[in-house]
Amino acid sequence: RLAPGDAEFADEAACLRSSWEGLVEAQRAGKVRAIGVSNFNVSQLETLLRGSAVVPAVNQLELHPWCTEAADPVLNFCAARGIAVTAFNSLGGATRPAA
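Now for a description of the structure that goes with this document. (Residues numbered from 1 in each chain as written. Predicted model: local features only at pLDDT ≥ 70, side-chain atom pairs only at ≥ 80, totals over all residues. Heavy atoms only, no water.)

Details of the nonpolar core
Within the largest apolar cluster, 14 residues are counted, with the highest numbers of intra-cluster contacts made by W20, V37, F40, L45 and L48. Not counting chain neighbours up to four residues away, the residues in contact with L45 comprise V37, F40, P56, N59, V74, F77, C78 and I83. (Core = buried A, V, L, I, M, F, W, Y, C linked by side-chain atoms within 4.5 Å. Buried < 20%, exposed > 50% of the residue type's maximum accessible area, 1.4 Å probe, protein only. Contact = heavy atoms within 4.5 Å.)

Okay, here's the thing in structure tokens:
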């Protein structure tokens, strides 16, 4: 596993893969049933999938009626690979003015 100070720690892809490997190990050990990610874009998901045979069960995204078009590429990517998408802030958040 990577730690601050390791040369690869500054490499985002290496950090993603290292963190994902830790989650995969926990799943294989029976400590968790499903593993997923949060706020991952297409590039980050591709990085994970290149380095692992285990596909995230879910990608949690900010998704609400005022934030859909920007999420379309990620939604399409996830749908094509069987990754469930869950939304957080699905009503737009406390700072969203009333309609």
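Quick word on the packing of aromatic side chains
Here the structure, examined in full by the defined rule, presents zero aromatic pairs. Above the face of the F77 ring, R81 is positioned so that its terminal group lies 3.6 Å from the ring centre. (Phe/Tyr/Trp six-rings, centres within 6.5 Å; stacked < 30°, edge-to-face > 60°. Lys NZ or Arg CZ within 6 Å of the ring centre and 35° of its normal.)

A few points about helix α2 (residues 42–51)
Those residues of α2 not exposed but buried are Q44, L45, T47 and L48. Burial along α2 is one-sided: seen end-on, the buried residues are contained in an arc of 155°. Buried residues belonging to α2 abut α1 (12–28), β1 (37–38), β2 (58–62) and α3 (72–81). The distance from a side-chain oxygen at the start of α2 to the backbone nitrogen of S43 is 3.1 Å, and the residue carrying that oxygen is N41. (Helix = DSSP H or I, 4+ residues; strand = E, 2+ residues; numbered from the N terminus. Arc of directions from axis to C-beta. Polar contact = N/O pair within 3.5 Å; in protein donor to acceptor, adjacent residues only side chain to side chain.)

These results come straight from atomic positions and should not be treated as a statement about function.
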